[in-house]
Amino acid sequence: MLEGAEFYFNVDHGYLEGLVRGCKASLLTQQDYLNLVQCETLEDVKIHLQTTDYGNFLANQTNPLTVSKIDTEMRKKLCREFEYFRNHSLEPLSTFFTYMTCSYMIDNVILLMNGALQKKPVKEILAKCHPLGRFTEMEAVNIAETPSDLFKAVLVETPLAPFFQDCMSENTLDELNIELLRNKLYKSYLEAFYKFCKNHGDVTAEIMCPILEFEADRRAFIITLNSFGTELSKDDRETLYPTCGKLYPEGLRLLAQAEDFDQMRRVADHYGVYKPLFEAVGDGSGGKTLEDVFYEREVQMNVLAFNRQFHYGVFYAYTKLKEQEMRNIVWIAECISQRHRTKINSYIPIL
Amino acid sequence: MGSMFRGEEVALVQFFLPTAAAYTCVSQLGELGLTEFRDLNASVSAFQRRFVGDVRRCEELEKTFTFLQEEVRRAGLVLPPPEGRLLAPPPRDLLRIQEETDRLAQELRDVRGNQQSLRAQLHQLQLHSAVLGQGHHLPLAAAPTDGLLERSPLLQPPGGPHRDLRVNFVAGAVKPTKAAALERLLWRACRGFLVASFRETEQQLEDPVTGEPATWMTFLISYWGEQIGQKIRKITDCFHCHVFPFVEQEEGRLGTLQQLQQQSLELQEVLGETERFLSQVLGRVQQLLPPWQVQIRKMKAVYLVLNQCSVSATHKCLIAEGWCASSDLPTLQQVLQGSSSEAGVSAVVHRIPCRDMPPTLIRTNRFTASFQGIVDAYGVGRYQEVNPAPYTIITFPFLFAVMFGDVGHGLLMFLFALAMVLAENRPAVKAAQNEIWRTFFSGRYLLLLMGLFSVYTGFIYNECFSRATTIFPSGWSVAAMATQSGWSDAFLAEHPLLTLDPAVGGVFLGPYPFGIDPVWSLAVNHLSFLNSFKMKMSIILGVTHMTFGVVLGVFNHVHFGQWHRLFLETLPELIFLLGLFGYLVFLVIYKWLSVSAAGAAAAPSILIHFINMFLFSRSPTNQPLFPGQEDDKAGILDASDASVAGWGSDEEKAGCPGNGEEAEFVLSEVLMHQAIHTIEFCLGCISNTASYLRLWALSLAHAQLSEVLWAMVMRVGLRMGRELGVAAVVLVPIFAAFAGLTVAILLVMEGLSAFLHALRLHWVEFQNKFYLGSGYKLSPFTFAEED
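Definitions and cut-offs
Residues numbered from 1 in each chain as written. Chains lettered and ligands numbered in written order. Predicted model: local features only at pLDDT ≥ 70, side-chain atom pairs only at ≥ 80, totals over all residues. Heavy atoms only, no water. UniProt positions renumbered as here; feature names shortened; annotations may be inferred. Helix = DSSP H or I, 4+ residues; strand = E, 2+ residues; numbered from the N terminus. Contact = heavy atoms within 4.5 Å. Areas by Shrake-Rupley, 256 points an atom, 1.4 Å probe, with all protein chains shown as cover. Phe/Tyr/Trp six-rings, centres within 6.5 Å; stacked < 30°, edge-to-face > 60°. Lys NZ or Arg CZ within 6 Å of the ring centre and 35° of its normal. Buried < 20%, exposed > 50% of the residue type's maximum accessible area, 1.4 Å probe, protein only. Buried area = accessible area lost by both parts, 1.4 Å probe. Salt bridge = Lys/Arg side-chain N within 4 Å of Asp/Glu carboxyl O. Nonpolar A, V, L, I, M, F, W, Y, C, P; charged D, E, K, R; others polar. Core = buried A, V, L, I, M, F, W, Y, C linked by side-chain atoms within 4.5 Å. Pairing = 2+ DSSP bridges. Axes fitted to C-alpha atoms, helices over the stretch in contact; angles between N-to-C directions. Parallel < 35°, antiparallel > 145°, perpendicular 65-115°, else oblique. Left-handed = near helix turned anticlockwise from the far one by under 90°. pLDDT = per-residue confidence, 0-100. Expected span 1.5 Å × (residues − 1). Arc of directions from axis to C-beta.

Going by the annotation in an unreviewed UniProt entry, the name recorded for chain B is V-type proton ATPase subunit a, with Leptonychotes weddellii given as the source organism. The UniProt entry for chain B carries the following text under Function (unreviewed entry): "Essential component of the vacuolar proton pump (V-ATPase), a multimeric enzyme that catalyzes the translocation of protons across the membranes. Required for assembly and activity of the V-ATPase." Check the Subcellular location (unreviewed entry) section of the UniProt entry for chain B; it says "Membrane".

Under the annotation held in an unreviewed UniProt entry, chain A carries the name V-type proton ATPase subunit and is attributed to Leptonychotes weddellii.

Dropping the structure here:
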């Protein structure tokens, strides 16, 4: 696209940007959360959500109301909005949307393969799949036995196909291999998405690249954290790190060598962005977990994305914020339904 | 009409409702629709209120109603509107209604479920027979080598181990949209080990869920090997295919086919029986549902109001607050007594003092509603402010008509509106849903008056479809002019344009009795004559209209007891407005009366006089209109200036006690505010007066446009053929075009534009003289349906 896309942005994407900003205004406010936390039962949660933009999305649910019903309906609502955006989008925004769905597709594929491994019925797992990552061939995933099988038979026609170049192998799909596959797919997905945004240039690159860099680094940290005490070798670990983040290349090399959380923290200390995050992490007894800290940082970045105009980042940011909001509601609803109110306040506030 | 002058007196009232009778009382109040309740529990969130359980039960019930309604709609039936007056049911009836609804819903669900499963079975059977009857030839079984090569060249029958393997079949049906993807996936996943043939069904099958007819793709897959078979089964599962057992032998298949047809016949019979039963249940729903829906909606509304009440200290009664017109208080008292008599303790309502500004209540009828609507669209009046609507009833159609003056067009509009007014009680007209039509219909009385006034101004302008009419004999005599100046035939032949001189005796006999003399329509200076007339008329109407607005302000000041504003605001305003523009109007009228045809050549120019007045200068060529005019001018200007100065300075001083009561008094802000107000009014007077010139401009535009339409369309047609036959044939389409354009351009388009300008003149030029429009409407709690 030409320099100064501001001039032309609204011709193609102005309507959708307006729409997404309107949707963003409908996110729950601090006051809403305060009210939700006070609820005694799930019915109360429902009544309160009715006064927000969720409206009577639970009106046709039969009793008793459960957390998973709320979750499903919220996801459906997000999915409807997303589908609307997607159906009304023009290139290159529609490619951008496709990239956005890819992460959900990867999760769904992995979920299904894990299910197949544990011999669970497909129907049961399908219900757990994220609706944003749905595609026709999805259910056929379990016929594949090796990654290359999976690629050749099932995924070659889906947008996931390009990400498979690094993970073609004839290994049978056991639990570890599936996890490796997920991370490799994610790595090439993130790198491809990063490249797409970078090439697109303009404000989109300025907004999306930091968000994706953060996403990549977060994955690197989380992979490191989860690999402690597993049979994953350090070399293998390094191949899983997405290389489009701020940590690349030095930080990733150091991370690959890390053996416990403190070493990881020392790596993060070299980076001004991540140092405060690790400092905010509480020790084992209480306080925030690393994941929560990352979520908070993500929310912050996504909210800031709305401060600029004429870019695609708002769509990404909106979807992520909405997801966070859904996680919050589910968290609160879980706390209420399990009568476990002590931790009810540890949702991630959306500023 | 008296209540139209300003909003009714509205009081804040407090209700003490005994707990036992609270529900009945509120439901009665809802039937009356006179009170607007205030939320006394604004700080309590929705789910912590007192009657939230009842509201939830109502909602639960409404959910079931939605289900029933959806079922009725799906069956292609309509719910009849409920008949008679349905009161909110007593709370104990809720249980009964709930039980009956649940029973009905359960019954309906069962029957519907039965029907669904029967339909699904039938669909399955039909699909099966379609698959079998499709006649897929069996390429592998019949000729394993020949048939294949075309479909799947990759498969080279090796003649080796594969020959011994048994060929198996999978047959089924899939939705056509998915067929291509299925075929590709099959090919990719099990290439070489299967042959698939796809074919579309010939007849369409009814979808068991939606009931819509749809075609299906049937397929027959033949494959080698058990593993491949499992894969294929998984893939077909994933595409939600219907898979059926496939018998290889032709005879076996035919037998199954017959069996299937037999089964589906039986099934259809059962299905018919079920559907009959279903329609019975639906009939019951149709009968019972509409009254229930109304009742439960009322019940929920009552509980929502009760949720806004606070509980008294002794828990014996609920306390509600609300706005209500003072004149309705006795009615309220009576109703409350009546509805709480059963409970033993009677409900009480009494006024309480309040500092908040009460809402505005102006009762309208179907005639005044549209005019009130015009005013409310600008802003609902402050409490008890003078309401401009009663004057709008006359001034709005009049100002519109000044811009739309044409007898013919006005008559058409009048007749259209009259037709709507006469038909207003017909149900078909009332029920019309078209939005544009509803807009016109709700403004029918407005249109009626607009049409009527346009006929009147049309007569004044003497225009009917742009043609002048000669009702009275013209006041000008050409014959007199001809004899007096001795025009010869030769003179007449040479001069196409002749001048009628009113100064010559006998030529101008006297003014035309009503409106513009028709002789002007023949004159070449028609336009300059009309322009001068319409411009002055606009100024006169405008100044009158604005002065009227300023005078209306007096009633506001008197009513609110702000006497200082009367002398320090209205008086200077009047002096300024009348001193400058009232004087202008006076000059115009004086000149009309005093200057005769004889002295026309030396008539003084008002324009120069007026400009000189501001510049404090004189021009020797421009004679005064009347002796002593120069002195008067200076005096008026001095008075106006003095009034502006005095008003600007005194206003703030007087403003101190008035404003000091509530808000913190900041002198600089009040000074600034008043200075701005003063400047705004002074500048506004000039620009508003100029704004009234739009009356002239639009009426000119309208006259010219209809003139052009006549000249370019109708006159062309009339000139076309002299013979009777030609004229008749030509005139039909020409007249059609003329009529169509008249309606589309002159009536609709010009009408809308004149409407818009009349609207602006009222909202801006008229109402800003006295109307604040900063109030809010009383929206009573009522069960009545909105129109």
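Asks: Tell me about the overall build of chain B, residues and numbers included.
Replies: Of regular secondary structure, chain B possesses 26 helices and 11 strands. Counted over contacts in chain B with a minimum sequence separation of 6, partners at least 24 positions apart contribute 82%. Summed over all atoms, the accessible surface of chain B reaches about 40,600 Å², with 61% contributed by carbon and sulfur.

Asks: Would you mind going over the packing of aromatic side chains in detail, with residue names and values included?
Replies: Overall, the coordinates contain 58 aromatic pairs over all chains when judged by the stated rule. Seen from their ring centres, Tyr378 of chain B and Tyr771 of chain B are 6.3 Å apart, and the 35° between their planes marks the pair as tilted. Taken as a pair, Tyr378 of chain B in helix 12 (residues 369-378) and Tyr771 of chain B in the segment after helix 26 (724-766) lie far apart in primary sequence, 393 residues in all. Members of the aromatic cluster, joined through ring pairs, are Phe9, Phe96, Tyr99, Phe163, Tyr186, Tyr189, Phe193, Phe196, Phe310, Tyr312 and Tyr316 of chain A. Taking the ring centre of Tyr186 of chain A as reference, the NZ or CZ of Arg219 of chain A above it sits at 3.8 Å.

Asks: Before we move on, could you go through helix 3 (residues 42-50) of chain A and cite the residues and values that matter?
Replies: In terms of residue burial, helix 3 of chain A counts as a mostly covered element, since 8 of its 9 residues are buried. Of the residues making up helix 3 of chain A, those classed as buried are Leu42, Glu43, Asp44, Val45, Lys46, Ile47, His48 and Leu49 of chain A. In this structure, the buried residues of helix 3 of chain A make contact with helix 2 (30-37), helix 4 (67-87) and helix 15 (313-337) of chain A together with helix 3 (52-74) of chain B.

Asks: Can you break down the interface of chain A and chain B residue by residue, with the values?
Replies: Taken together, the contact between chain A and chain B spans 24 residues of the former and 20 residues of the latter. The contact between chain A and chain B buries some 1,900 Å² in all, and 55% of this surface belongs to carbon and sulfur atoms. For the chain A face of the interface with chain B, the top three residues by lost area are Ile47, Ile143 and Glu157 of chain A, together amounting to 26%. Run the count over chain A and chain B and you get 1 salt bridge. A salt bridge links Asp44 of chain A to Arg56 of chain B; the nearest nitrogen and oxygen atoms lie 2.9 Å apart. Sorting the residues of the side of chain A that touches chain B by element identifies helix 3 and helix 7 (147-154) of chain A as the ones contributing at least two each. The greatest single-element share of the side of chain A that touches chain B, amounting to 6 residues, is contributed by helix 3 of chain A. Here the side of chain A that touches chain B is built from residues that sort into 8 nonpolar, 9 polar and 7 charged.

Asks: Give a detailed account of the nonpolar core, specifying residues and quantitative values.
Replies: Ranked by size, the top nonpolar core spans 150 residues in total, and within it Phe96, Phe193 and Phe315 of chain A carry the most contacts. The residues touching Phe96 of chain A, leaving out its near neighbours within four places in the chain, are Phe193, Phe196, Cys197, Met208, Tyr312, Gly313, Phe315 and Tyr316 of chain A. Among the nonpolar cores identified, the runner-up in size contains 67 residues, and Met403, Ile460, Phe576 and Ile606 of chain B belong to it.

Asks: Before we move on, could you go through the sheet that holds strand 3 (residues 167-174) of chain B and cite the residues and values that matter?
Replies: Residue and element names in this part refer to chain B. With antiparallel pairing, the 4 strands of this open sheet are ordered in space as 4-7-3-8. The outermost strands of the open sheet, each flanked by one partner alone, are strand 4 (194-200) and strand 8 (242-244). Going from strand to strand, the sheet's axes swing by 25° on average, the running direction of each strand aside. As defined by bridge partners, strand 3 adjoins strand 7 (residues 217-224) across 8 bridges and the pair is classed as antiparallel. Following the sheet pairing, Val174 is matched in strand 7 by Met217. Here helix 4 (residues 91-133) sits on the sheet in contact with strand 3, strand 7 and strand 8, set at roughly 60° to strand 8.

Asks: Help me get a handle on the packing of helix 13 (residues 389-403) of chain B against helix 26 of chain B, residues and values and all.
Replies: Residue and element names in this part refer to chain B. Running from N to C, helix 13 and helix 26 point in directions that differ by 135°, and their axes come no closer than 9 Å. When the axis of helix 13 is compared with that of helix 26, the two are oblique. Helix-helix and strand crossings are classified by hand; for helix 13 and helix 26 the assignment is right-handed. Contacts between helix 13 and helix 26 involve Thr392, Thr395, Phe396, Leu399, Phe400 and Met403 from the first element and Gly751, Ala754, Phe755, His757, Ala758, Leu759, Leu761 and His762 from the second. Classifying every residue of the contact of helix 13 with helix 26 gives 9 nonpolar, 5 polar and no charged.

Asks: Please provide a residue-by-residue account of the pattern of salt bridges, values included.
Replies: Scanning the model with the defined rule gives 40 salt bridges over all chains in all. A salt bridge links Glu191 of chain A to Lys187 of chain A; the nearest nitrogen and oxygen atoms lie 3.4 Å apart. Taken together, the residues span about one helical turn, with Glu191 of chain A and Lys187 of chain A both in helix 8 (residues 175-200) at a distance of 4 residues. Among the ionic pairs, Glu273 of chain B bridges to Arg276 of chain B, the shortest N-O distance being 2.8 Å. Note that Glu273 of chain B and Arg276 of chain B are positioned in helix 10 (residues 250-307) at a spacing of 3 residues, about one turn of the helix. The class of Glu273 of chain B is partly exposed, set by a relative accessible area of 47%. One continuous salt-bridge network, built from bridges that share partners, spans Asp107, Glu179 and Arg182 of chain A.

Asks: I'd like a description of the environment of Leu447 of chain B, backed by residues and values.
Replies: Residues and elements named next belong to chain B. Tracing the chain through its elements places Leu447 in helix 17 (residues 444-461). Taking the relative accessible area as the measure of exposure, Leu447 reaches 11% and is therefore buried. Taking the C-alpha atoms as reference, Leu447 lies 6.8 Å from Phe414; in sequence the two are 33 residues apart. Excluding anything up to four places from it in sequence, Leu447 contacts Met413, Phe416, Ala417, Met420 and Phe440.

Asks: Got a sec to walk through the confidence of the model for chain A? Specific residues and values, please.
Replies: In low-pLDDT regions, the fine details of the predicted coordinates are not to be read closely. Averaged over every residue, the pLDDT of chain A is 85; residues scoring 70 or more account for 97%. Within chain A, helix 15 of chain A carries the highest mean pLDDT (92), whereas helix 7 of chain A carries the lowest (75).

Asks: Account for the confidence of the model for chain B, with residues named and values stated.
Replies: Residues and elements named next belong to chain B. Scored by pLDDT, chain B comes out at a mean of 83, with 92% of its residues at no less than 70. For the stretch residues 139-163, pLDDT sits under 50, and the model shows 30 contacts to residues farther than four places along the chain or on other chains. This stretch, residues 652-663, has a pLDDT under 50; its non-local contacts, to residues over four places away or in other chains, come to 9 contacts.

Asks: Describe the environment of Tyr461 of chain B, with residues and values.
Replies: All names here are of chain B. Looking at where Tyr461 falls in the secondary structure, it is placed in helix 17. The exposure class assigned to Tyr461 is buried, which follows from its relative accessible area of 5%. Placed 55 residues apart in sequence, Tyr461 and Ile516 show a C-alpha to C-alpha distance of 5.5 Å. In contact with Tyr461, not counting residues within four places along its chain, are Val402, Gly405, Ile516, Phe533, Lys534, Met537 and Ser699.

Asks: I'd like a rundown of helix 11 (residues 329-340) of chain B, residues and numbers included.
Replies: Residue and element names in this part refer to chain B. The terminal C-alpha atoms of helix 11, which comprises 12 residues, lie 16 Å apart, in line with the 16 Å expected from a rise of 1.5 Å per residue. Listed in full, the buried residues belonging to helix 11 are Leu329, Leu332, Leu336, Ser339 and Ser340. Each buried residue of helix 11 lies within a common arc of 100° when the element is viewed along its axis, so the set occupies one face. Exposed residues on helix 11 whose side chains face more than 90 degrees from its buried face are Pro330, Gln334 and Gly338.

Asks: Describe the packing of helix 13 of chain B against helix 25 (residues 693-720) of chain B, listing the residues and the values that go with them.
Replies: Residues and elements named next belong to chain B. Helix 25 packs onto helix 13 with a crossing angle of 50° between their chain directions and a minimal axis gap of 7 Å. Looking at the two axes, helix 13 sits oblique to helix 25. From helix 13, Leu399, Val402 and Met403 reach across to helix 25, where they touch Arg694, Leu695, Leu698, Ser699 and His702. Across the contact of helix 13 with helix 25, the residue classes tally to 5 nonpolar, 2 polar and 1 charged.

Asks: Tell me about the side chain of Glu8 of chain B, and name the residues and values.
Replies: Residues and elements named next belong to chain B. Position of Glu8 among the secondary structure elements: in the loop between helix 1 (2-5) and strand 1 (10-18). For Glu8, a relative accessible area of 14% corresponds to the buried category. Residue contacts for Glu8: discarding those within four places in its chain leaves Ser3, Ala325, Ser327, Leu361, Arg363, Tyr383 and Gln384.

Asks: With reference to specific residues and values, describe unusual backbone geometry.
Replies: Between Glu91 of chain A and Pro92 of chain A the backbone carries a cis peptide bond, its omega angle lying at -5°. Along the chain, the position of Pro92 of chain A falls in the loop between helix 4 and helix 5 (93-117). Following Tyr248 of chain A, the chain continues to Pro249 of chain A via a peptide bond in cis, the omega torsion being -5°. Here Pro249 of chain A is to be found in the loop between helix 10 (234-240) and helix 11 (250-257). Even without being glycine, Lys119 of chain A reaches a positive phi, approximately 60°. Relative to the elements of secondary structure, Lys119 of chain A occurs in the loop between helix 5 and helix 6 (122-128). Residue classification places Lys119 of chain A among the exposed positions, given a relative accessible area of 71%. Residue Asn462 of chain B is not a glycine yet carries a positive backbone phi of 55°.

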